[in-house]
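Observations on the three-dimensional arrangement
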Amino acid sequence: MPDLYPLPGRPTVLPSLKKTIDLKRSRLKMALRLTPLFIGFFSSQKLSFGGEIYAGEILALIYLALNLGRLKLGKGIGTLVVFGMIWTICQFISDQVNQSETVDSVKGIGAPVIFLCTFVALSTYFDRDIRRMRSFLIGAYLGAIPQFILFPSEYFLGNAWKWGIGQLVISLFATIYSFFIARKKNAHLILLISIFSIFSFFNDSRSMAIFPLLAVTAYTLLSRKRLAAALNSMKGSFAATKMLFFIFAFLLLINAVFTSIFSSDWFLDKLPEESAKKFQIQASGEYGALLGGRSEMLVSVGAFLDKPLLGHGSWAKDTGGYQDKLTALKFALGYSEKDEANYNTDLIPVHSYLMGGLVWAGVGGGLFWIVMSRWLLIEFIKNFRFLGFYFYNGIIELFWNIMFSPFGASARWSTVIFIAALYCYSRHLSKHGKPH
């Protein structure tokens, strides 16, 4: 006969506590699926075949080939595919006109093709079972670790936090917090992000410090009914256009604020000497800290205007002296202490998804990223009240990259993972009305 009363010295709460722990473990097991996790991990392995490509991009091409007859493209994906094809065609024509080297042309034309195919494949894979997405994301971010250990880049060896570990930490944290933690407290989120940002600042990683702070601010404020109602009012006609104007105004504000901060002796005295000197020089220029950190814009706009229709071709070579122009402009505007050229590449300086498309392929290449920006805003505004911190942090980072970061293999892979996750999760929310 079983005991009906607790034995002496045996706490009565233990069975209940054990039951709770077992329940949490079972929920975690249900949430974390091993197959998508493994696929995500394997997919994030970078390979080199004349150029860089990810295992996941190869898997995506195979997945598409096996599912061609069953693909159902939504309206949003269809629009991106059309403009991606325009980008591809313009890049092909540009390479023929500019007589780009064959290897460069293959990589340049292949970038939009691989990007779009991976996006369609991942979106199809996630959309068939949205529960795959969160485990795939965890695996994909963990998949960067072998690269850090086995094939570290020079940048990584110089500053491991800025060029790898920091991004891995914030990506994993944002994913786990958004998809695996049932009861979330904003106070905990704010505290952890603040610690992360302070650590990033002192490791010479400004953008990595600032973006999560902006994301947690937006995430917290938009949980309030009044501010959420203000963003809701932007829905409807021209919603994305309104938001783009807001983003532009916000960038001007951010530029003014951080120019002031990076010029402050109080702030600079607390940084390592090398970082403080770099921040001070970038903030002392005529147009503020933003352009100081992304000075390539000073000449990439001119390079586009020189050949606006077809661009300069894939991996556009600097035959027009743009590097020298950039050196002279940086010195004249106060962004450099010396009027001496110091560059280790023969390419036209572009440090932006958008400007890279415009300079390489002409207006057709840039048009894709403009359409992409509008699409991202529409998807975000549609269900922002139910989107987790992962999407707030990701969309801020992606908009920065579209305007101020180069579109290489790593950027191509990280971008396609995020936009596929946003599309499928937003689509799931539209159908079911709440997070799953």
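Our subject is the structure that appears above.
As a starting point, this report considers the structure included with it. Note that the structure is a prediction, hence the values are computed from the model and not measured.

Right, let's talk about the nonpolar core for a bit. The nonpolar side chains of soluble globular proteins are, as a tendency, buried together. Ranked by size, the top nonpolar core spans 83 residues in total, and within it Met-372, Leu-376, Tyr-390 and Phe-391 carry the most contacts. Sort the elements by how many residues they give to this core and helix α22 (residues 409-432) lands first, with 14 residues. Discounting residues that sit within four places of it in the chain, Phe-391 has contacts with Met-133, Phe-179, Phe-380, Phe-418, Ala-421, Leu-422 and Tyr-425. Ranked by size, the runner-up nonpolar core spans 13 residues in total, among them Phe-258, Phe-267, Leu-268 and Ala-283.

Moving on, we come to the environment of Phe-391. Relative to the helices and strands, Phe-391 resides in helix α21 (residues 389-404). When the C-alpha positions of Phe-391 and Tyr-219 are compared, they lie 9.4 Å apart, and in sequence the two are 172 residues distant.

With that out of the way, let us pick up the environment of Arg-206. Tracing the chain through its elements places Arg-206 in helix α11 (residues 206-221). Look at Arg-206 and you get buried, because its relative accessible area is 16%. Each C-alpha atom of the pair Arg-206 and Gly-293 lies 10.0 Å from the other, and the pair is 87 residues apart in sequence.

This brings us to the packing of aromatic side chains. Following the criterion strictly, the structure yields 37 aromatic pairs and no others. Judged by centre distance (6.1 Å) and plane angle (50°), the rings of Trp-87 and Phe-407 are tilted. Of the two residues, Trp-87 sits in helix α4 (residues 75-98) while Phe-407 sits in the loop between α21 and α22, which places them 320 residues apart along the sequence. Using a relative accessible area of 5% as the deciding quantity, one classes Trp-87 as buried. Ring geometry for Tyr-125 and Phe-136: centres 6.3 Å apart, planes at 65°, overall edge-to-face. With a gap of 11 residues between them, Tyr-125 in helix α5 (residues 102-128) and Phe-136 in helix α6 (residues 131-142) connect regions that are remote in the sequence.

For the pair helix α19 (residues 353-361) and helix α20 (residues 363-382), interaxial distance at closest approach is 6 Å and the crossing angle is 155°. Looking at the two axes, α19 sits roughly antiparallel to α20. When you trace α19 past α20, the crossing you get is right-handed. Contact with α19, carried on its side by Tyr-353, Leu-354, Gly-357, Leu-358 and Ala-361, involves Val-363, Gly-364, Gly-365, Gly-366, Trp-369 and Ile-370 of α20 and no other residues of that element. In terms of residue class, the contact of α19 with α20 is built from seven nonpolar, four polar and no charged.

Another point: the packing of α4 against α20. As a packed pair, α4 and α20 sit with axes 7 Å apart at the nearest point and diverge in direction by 165°. Overall, the two elements α4 and α20 adopt an arrangement that is roughly antiparallel. When you trace α4 past α20, the crossing you get is left-handed. Contacts between α4 and α20 involve Gly-76, Thr-79, Leu-80, Phe-83, Gly-84, Ile-86, Trp-87 and Cys-90 from the former and Gly-364, Gly-365, Leu-367, Phe-368, Trp-369, Val-371, Met-372 and Trp-375 from the latter. Residue classes in the contact of α4 with α20 are distributed as 11 nonpolar, five polar and no charged.

Procedures and definitions
Residues numbered from 1 in each chain as written. Predicted model: local features only at pLDDT ≥ 70, side-chain atom pairs only at ≥ 80, totals over all residues. Heavy atoms only, no water. Core = buried A, V, L, I, M, F, W, Y, C linked by side-chain atoms within 4.5 Å. Buried < 20%, exposed > 50% of the residue type's maximum accessible area, 1.4 Å probe, protein only. Helix = DSSP H or I, 4+ residues; strand = E, 2+ residues; numbered from the N terminus. Contact = heavy atoms within 4.5 Å. Phe/Tyr/Trp six-rings, centres within 6.5 Å; stacked < 30°, edge-to-face > 60°. Axes fitted to C-alpha atoms, helices over the stretch in contact; angles between N-to-C directions. Parallel < 35°, antiparallel > 145°, perpendicular 65-115°, else oblique. Left-handed = near helix turned anticlockwise from the far one by under 90°. Nonpolar A, V, L, I, M, F, W, Y, C, P; charged D, E, K, R; others polar.

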